[in-house]
Amino acid sequence: MDSESGPKPSASTSQNSTSDSSSAFERWRNWASEMTGVGLTTGVPSTSRQARDIARCEKNKQWLIDNSPVVTFMLQHLALSGCRVPARNLICGPCNQTRAGGYDPERGAIILCASNFYSRRHMERTMAHELVHMYDDCKFNVDWSNLRHQACSEIRANSLSGDCRYASELARGVFGVAGQHQECVRRRAIGSLAANPLCPNEETARKVVNEVFESCFKDTRPFDEVY
Ligand SMILES: [Zn+2]
């Protein structure tokens, strides 16, 4: 996720999962362009490559729901908190090149950018990251228009998802320094917050993230510690 406004997950009641998914994706895409100006791909012809990517994304999604300890754990804890997430609310779709996934609080849906995963591990981290946002929304009534709230959820999502595990940072070409995990979490949270149009500039993002960092970084719920 990178910014939004709205209520909680688990409200999807549509019968037809295919059209439900695509209309949820449409809505998310419109919302995301408005909110973040990210410029998601619009009017992309459905190419065979894209169809193949989406089919692979769906397959990996199901595999991760069944086999990934972190995804299973998050889904369990969402359900325990009253927000059961059906598989159809995890939507594989086309996106532009700049993002791997997003969370749509209005639909209670997570968007997975089918063509932008370089491995199943990357997809696993993305799902875990967005599920932390969903969990925060379910459990703590996040006000996504409040920068402090969003900063806190970004800190937790980056810390708990594995986005900042040593190997993930090495893959990005960021090499080890003391406190690498914390610095990675801080850097990525600032980046996400700065991308929110409600945030005037990067300096503000840095200030807000720093203000809430300690308490939010320490809060590892529903994990006992950083996964
Ligand atoms: Zn995020």
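Here, the structure is the one placed above.
Residues numbered from 1 in each chain as written. Predicted model: local features only at pLDDT ≥ 70, side-chain atom pairs only at ≥ 80, totals over all residues.

**Describing the environment of Q97**
Heads up, the condition is: Comment: elements are numbered from the N terminus, with helices defined as DSSP H or I runs of at least four residues and strands as E runs of at least two.
Following the sequence through the fold, Q97 ends up in the loop between β1 (90-93) and β2 (101-104). Along the backbone, Q97 and N116 are 19 residues apart, and their C-alpha atoms lie at a distance of 6.6 Å.

**Quick notes on the sheet that holds β2**
To be explicit about the condition: In this description, strands pair whenever DSSP reports at least two bridges between them. To get an axis, a line is fitted to the C-alpha atoms, and for a helix only the part in contact is used. The angle between two axes follows their N-to-C directions and goes from 0 to 180 degrees.
Taken in spatial order, the three strands of this open sheet run β1-β3-β2, and their pairing is mixed. One side of each edge strand has no neighbouring strand; the edge strands of this open sheet are β1 and β2. The sheet shows a mean angle of 25 degrees between the axes of neighbouring strands, taken without regard to direction. Pairing geometry for β1 and strand β3 (residues 109-113), over four bridges, is parallel.

**Focus on the nonpolar core**
As a rule of thumb, nonpolar side chains are buried together in soluble globular proteins. We apply this condition: Working definition: the nonpolar core is a set of buried Ala, Val, Leu, Ile, Met, Phe, Trp, Tyr and Cys residues, joined through C-beta atoms within 7 Å. Labels follow a simple rule on C-beta atoms placed from the backbone: if 20 or more others lie within 10 Å of a residue's own, it is buried; if 12 or fewer, it is exposed; otherwise it is partly exposed. We call two residues in contact when their backbone-placed C-beta atoms lie within 7 Å.
Counting 32 residues, the largest nonpolar core has M74, L78, I110, L112, M127, L131 and M134 as the members making the most contacts within it. The element that contributes the greatest number of residues to this core is helix α4 (residues 120-140), accounting for eight residues. Every residue in contact with L78, bar those within four places of it in the chain, is listed here: C83, R84, V85, L131, M134, Y135 and C138. Counting residues in each nonpolar core, the second largest holds 15 residues, with C184, V185, V208 and F217 among its members.

**Brief notes about helix α3 (residues 69-80)**
Put simply, the rule reads: Helices are assigned an expected span. That span is 1.5 Å times one less than the residue count.
Taking 1.5 Å of rise per residue, twelve residues should cover 16 Å, and α3 covers 16 Å from first to last C-alpha, within 8% of that figure. Where α3 is buried, its residues contact α2 (48-67) and α4. In the stretch just after α3, G82 is the one whose phi turns positive, near 95 degrees.

That is the geometry; function is a separate question.
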